[in-house]
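# Examination of the molecular architecture
What follows is each chain in one-letter form.
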Amino acid sequence: MSDTEAKRNKYDQDPRTPCKYGAKCYQQNPVHHKKYKHPPQSNSNKSRGHVNKKFRADTPSKKAEAVVTSNDVSDTDGSDYAIEDGSDASPEKPDVESKGDSNKDGSDASSGKADPESKDDSNKAEVTTCSKDLTEVRISNDVSSSEDSSDANEQTDNVNTVQKPDHKQFIKDKFLVDMPKDFYQLWEYCKKIKPSYPLDALKDVGLRLVGPFDVLAGKFDDVSKSDEEYLLHWRYYHDPPEFQTVLKGDDKTGYHIGYFRDSPDEPPVFLASNRAKVDGILQQMGGNIFTAVNLYLDELKKIGDPFKRMHIGRIQSSIKKEAEKLKLYLSARTPEMIAREKKIVTRTFNKIGLVVPYNRKTQLGYRALALDNKDLSTLFTKLQNGLPEQKQKYLSELQPVFTFASIAADECDFGTGIELGWNIISHGVDSLDSTALRFLATNNRLLNREAFAKIAEAHMKNRKKGCDLSII
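Residues numbered from 1 in each chain as written. Predicted model: local features only at pLDDT ≥ 70, side-chain atom pairs only at ≥ 80, totals over all residues. Heavy atoms only, no water.

Among the secondary structure elements, Asp182 is positioned in helix α5 (residues 181-193). Buried and unpaired, Asp182 has Arg261 as its nearest opposite-charge partner, separated by 8.9 Å. In terms of polar contacts, Asp182 uses its side chain to reach the backbone amide nitrogen of Ile289, at 2.9 Å. Excluding its chain neighbours within four sequence positions, the residues that come into contact with Asp182 are Tyr259, Asn288, Ile289, Phe290 and Leu328. (Helix = DSSP H or I, 4+ residues; strand = E, 2+ residues; numbered from the N terminus. Buried < 20%, exposed > 50% of the residue type's maximum accessible area, 1.4 Å probe, protein only. Lys, Arg positive; Asp, Glu negative; His and termini not counted. Salt bridge = Lys/Arg side-chain N within 4 Å of Asp/Glu carboxyl O. Polar contact = N/O pair within 3.5 Å; in protein donor to acceptor, adjacent residues only side chain to side chain. Contact = heavy atoms within 4.5 Å.)

This is how it looks when you write it as structure tokens:
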């Protein structure tokens, strides 16, 4: 095997990511070479410090552009650079238009722009003016001159800004839903209240920011979890797929607050609270998270312990001022919540009411379960509390309910299976978790609500009681 073939074989087996500039890459930054691999170079291209010089000119009466790129640039004047196209234009004759500013967001090494794959803050640009209108831009890994350092710092700042984690997209990718504007507004508010640890900004009144807020706090930046695990992060025992926990309260009752949405592709209509250790009932808490916190504080005034009541007035006043500044209304019921009431096709165990696409004229989209809520709840309770030898009898009594819901799905009444799945979750009869999974996953997919189907599958396979629900 020749030396060239050996080098090529070694390059192919190198696990590092290939640099998109290949053999033309001019980077000497060790960080860059540690992350990216480069194809073997011929002997003629191995010399370092080569200068790639370009000159583009229009007519002699128009402006020209000169860009010089180098791996190692010392402080020199403009007399040592050549003109690539062979013209004898000189710095004194043509009017030249500088394009130094355009290089701040650059991505092409051959045009003198910074390599976006390098994260080293040492990449800087030096701008030196040759005559009145001629600007030479040099990009290097080490520039000794401090002239125009403000431009270099600005370039570095821009690179750092671009490289910040996209938390909004991360939440969408991992939790499968977009969070509304007021979610991010509360985060900014909590950062002002407790800059050192915003998650605990409301700790004095018994609340902590959780769920997607952990992403904003950077707690997932160096964490690798499976897709299913992210869907379980702070998902309580009675939470339906439509519910996303964002605030946790008293662990004695499993109190928590979350956004509730009828479709994963639509913004939530309201927030709701639940006491997971008490029951599966969801209580509406207003149309934005500031209202939810305010309503929680109103309730805390009545039942909270004296230590928490000491802080209620201060925090509630601050919350109200921030909501007013953001033009967020603190009404417990919004026009959107009232409009939703008219779309409810059935009342469910969790008291929220089910909204699914339904044609009232053809009555297509939903039909009632084979048993009403009272009889179904009674049968669930018997199954949950019955002796082992009695459970088969109760399952037999439930079989017509399951069969009827399956027929409803076959005939495009998808809401029936979702209602059954909700009621199983809300009641808490854990022996029917697989049944809830089947009906929720199937009917949500038939409604093109894939996100809810995936959440239901993850939750019903790993349903946990208690309040230790963080995956990190």
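The next point concerns the nonpolar core. Residues Phe183, Phe213, Val246 and Ile289 are the most contacted members of the largest nonpolar core, which totals 41 residues. Sort the elements by how many residues they give to this core and helix α8 (residues 289-303) lands first, with seven residues. If we skip the residues at most four places from it in the chain, Phe183 touches Ile171, Pro212, Phe213, Leu216, Val246 and Tyr259. Grouped together as the second largest cluster of nonpolar side chains are 37 residues, Leu282, Phe349, Ile418 and Ile424 included. (Core = buried A, V, L, I, M, F, W, Y, C linked by side-chain atoms within 4.5 Å.)

Within the secondary structure, Leu231 sits in helix α7 (residues 227-232). For Leu231 and Phe175, which are 56 residues apart along the polypeptide, the C-alpha to C-alpha distance reads 5.7 Å. Those residues in contact with Leu231 that lie beyond four places of it in its chain are Lys174, Phe175, Leu176, Lys454, Ile455 and Ala458.

Attention now moves to helix α14 (residues 433-446). With 14 residues, α14 extends 20 Å from end C-alpha to end C-alpha; this agrees with the ideal 20 Å at 1.5 Å per step. Taken as a whole, α14 has its buried residues at Asp433, Thr435, Ala436, Leu437, Phe439, Leu440, Ala441, Asn443 and Asn444. Looking at the packing, one finds that the buried side of α14 touches α12 (388-410), α13 (414-427) and α15 (450-461). Of the residues trailing α14, Asn448 is marked for its positive phi of about 60°. (Expected span 1.5 Å × (residues − 1).)

Let us look at the sheet that holds strand β8 (residues 243-248). What the five strands build is an open sheet, ordered β7-β8-β9-β10-β11; its pairing is antiparallel. Looking at the sheet topology across the chains shown, the edges are occupied by β7 (208-209) and β11 (283-284). Against the sheet, α8 makes contact with β8, β9 (255-260) and β10 (270-275), and its axis sits at roughly 155° relative to β9, the strand it touches most. (Pairing = 2+ DSSP bridges. Axes fitted to C-alpha atoms, helices over the stretch in contact; angles between N-to-C directions.)

On the UniProt side, "domain: PBZ-type" (unreviewed entry) is annotated at positions that read residues 16-40 here. Its end C-alpha atoms 14 Å apart, residues 16-40 is made of 24% helix and 16% strand. (UniProt positions renumbered as here; feature names shortened; annotations may be inferred.)

Turning our eyes to something else, we now look at the pairing of β8. For β8, the buried fraction is high: six of the six residues fall into the buried class. Inspection of the sheet shows β7 paired to β8 by two bridges, in the antiparallel sense. Bridge assignment links Leu209 to a residue of β8, and that residue is Leu247. Relative to β9, β8 is paired through five bridges, and the arrangement is antiparallel. Bridge pairing in β9 places Lys248 opposite His256. Taken together, β8 and the strand that follows it, β9, pair antiparallel across an intervening segment of six residues, in which Gly254 is found at a positive phi of about 75°.

Here Leu295 is to be found in helix α8. Owing to a relative accessible area of 22%, Leu295 belongs among the partly exposed residues under this scheme. Separated by 10 residues in sequence, Leu295 and Met285 have C-alpha atoms that sit 6.7 Å apart.

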